[in-house]
Amino acid sequence: MRDGMFVFDNVVHMYDNKASNIGPRGEQVARNLHGFGVALSNEQYPANDHFLGEELSVEEAGRILFEESETDMAMAQTVPLFGWWKDGFSPARRQYALKEAFPDRVLFCGGVDPLFQGVEGACNEMTRQAEEWGSVSFKFYQAHDNSLSWRIDDRQIAYPMWERALELGITNVQFHKGVPFGTERMEHMHPTDIQQAAIDFPELTFVIHHLGDPYIDESISVAARNPNVWLALSAWINIYPIMPREALKRLGKALMNVGPDRLVWGSEAFVWPNVQGYIDLFATMEMPENLQEDYGYPQITRDTKRKIFGENYARLMGIDVGQKLKTIHGSDERTP
């Protein structure tokens, strides 16, 4: 916990950038990702210098998350990008391994892709990941190399997966929006294809990651008008050390239009391994008075931080925070 606030990291990735997993065009994309991490880093918040060519061990991941930071729980998210990586950038098997190593503290988020696996194959793999590995959510990447893409509101390609998720008792699905890695087309990463699916599947919660950057206004608008669309602040906190005012404006827009109850915390570990540093940043963050006066952005209260840090996602996942704290820490005491 941080100052009595439950910290549930929605986004950690156990990546695999070994040469054996990188496809013919994947090396440059892996370098692009590393370059993105370096661009949003400084001496205090460095990018992972072991990112290329190596795997992070589950022991090292656990140390970073649960020994060196105040993270209480985390979700290991699959990255099903099969065009550039043979088994995906963050393969399901590696996310499951982290969950198995820390079963009380890590949830497994599976991932499939209907273009590479076929619709039926993707649905079958969803079933396998849920039944064999205990997946409680699924992550999707719709835009791929050479203009390959699919839409969330496609009734033939996407809707069978949303139906399968509900059949499996899984009520939230998550999407990488914006933030291109390679030669995928930007328009294929736009968030507006969530709108009709959110209407057609009111039992599902659709989570947009990265605030859809650079489609931030569009992502916030979609979430503001659809109560089953949530926003993950993954990558948002990582820009703060080098662009604090821009980060505050993005959060201010989200708080003003969507409110604090559908925003969730994500560190994007382990591209940036200083997880505790980002927790410290958000825990002490304030909205400057001039941004409140000029734009109408609300204050970032302790109640707002408490919800975003962990209680929102715990509620979505049906986790009793007090009971979970007893399980992992032996006590549910929290300072006011």
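The rules behind these values
Residue indices begin from 1 for each chain and proceed along its sequence in written order. At least 70 in pLDDT is required for a residue's local features to be given in this predicted model, at least 80 for side-chain atom pairs to be given and counted, and no such filter applies to totals for whole chains, interfaces and linings, which use all residues. The side-chain figures draw on all heavy atoms in the structure; neither hydrogens nor water molecules are used. UniProt positions are given in the numbering used here, feature names are shortened, and annotations may be inferred rather than shown by experiment. For the purposes of this entry, the term helix denotes a DSSP run of H or I that reaches at least four residues, the term strand denotes a run of E that reaches at least two, and both are numbered from the N terminus. Whenever a carboxyl oxygen of Asp or Glu lies within 4 Å of a side-chain nitrogen of Lys or Arg, that contact is scored as a salt bridge. Residues belong to one nonpolar core when they are buried, are Ala, Val, Leu, Ile, Met, Phe, Trp, Tyr or Cys, and are joined through side-chain atoms within 4.5 Å. For each residue, the accessible area found with a 1.4 Å probe, counting protein chains only, is set against the maximum for its type, and the residue is called buried under 20%, exposed over 50%, and partly exposed in between. Between two residues, a contact is recorded if the distance between any of their heavy atoms is within 4.5 Å. One bridge is not enough; two strands pair if DSSP finds at least two bridges between them.

Under an unreviewed UniProt entry, the name given to the protein chain is Amidohydrolase, and the organism recorded is Pseudonocardia sulfidoxydans NBRC 16205.

Here we come to the UniProt feature "domain: Amidohydrolase-related" (unreviewed entry) in the protein chain. Feature annotation in UniProt places "domain: Amidohydrolase-related" (unreviewed entry) on residues 92-318, given in this structure's numbering. Taken end to end, residues 92-318 comprises 46% helix and 11% strand; its first and last C-alpha atoms sit 23 Å apart.

Quick look at the pattern of salt bridges now. Summed over the entire model, instances satisfying the criterion amount to 25 salt bridges. For Lys 177, the salt bridge identified is with Asp 193, shortest N-O distance 2.7 Å. Note that Lys 177 is positioned in the loop between β5 (172-176) and α7 (194-200) and Asp 193 in the loop between β5 and α7, a separation of 16 residues in sequence. Where Asp 303 meets Lys 307, a salt bridge forms, and the shortest distance between an N and an O atom there is 3.6 Å. With Asp 303 and Lys 307 both in helix α13 (residues 302-316) and four residues apart, this pair spans about one turn of that helix. Where salt bridges share partners, they join Asp 261, Asp 303, Arg 306, Lys 307 and Glu 311 into one cluster.

Counting residues in hydrophobic clusters, the biggest one holds 90 residues, and the most contacted among them are Trp 162, Phe 206, Phe 270 and Phe 282. Top element by residues in this core is helix α11 (residues 275-283). It accounts for six residues. Non-local contacts of Phe 206, meaning those with residues more than four positions away in its chain, are made with Ile 152, Trp 162, Val 173, Phe 175, Ile 194, Ala 197, Ala 198, Phe 201, Asn 228, Val 229 and Trp 230.

Burial along strand β4 (residues 137-140) is two-sided: Ser 137 and Lys 139 and Phe 138 and Phe 140, pointing in opposite directions, are all buried. Both strand β3 (residues 106-111) and β4 contribute to a ladder of three bridges, which runs parallel. Counted as the bridge partner of Gly 111 is Lys 139 from β4. Pairing geometry for β4 and β5, over three bridges, is parallel. Bridge pairing in β5 places Phe 140 opposite Phe 175.

Another aspect to go through is unusual backbone geometry. Here the amide bond leading from Asp 213 into Pro 214 is cis, since omega sits at 15°, within 30 degrees of zero. When you line up the elements, Pro 214 lands in the loop between β6 (205-209) and α8 (216-225). For the peptide bond that leads from Ala 269 to Phe 270, omega is 20°, which places it in the cis range. Locating Phe 270 in the fold gives a position in the loop between β8 (263-264) and α11. Unusually for a residue other than glycine, Asp 3 sits at a positive phi of about 50°. Note that Asp 3 resides in the segment before β1 (8-12).

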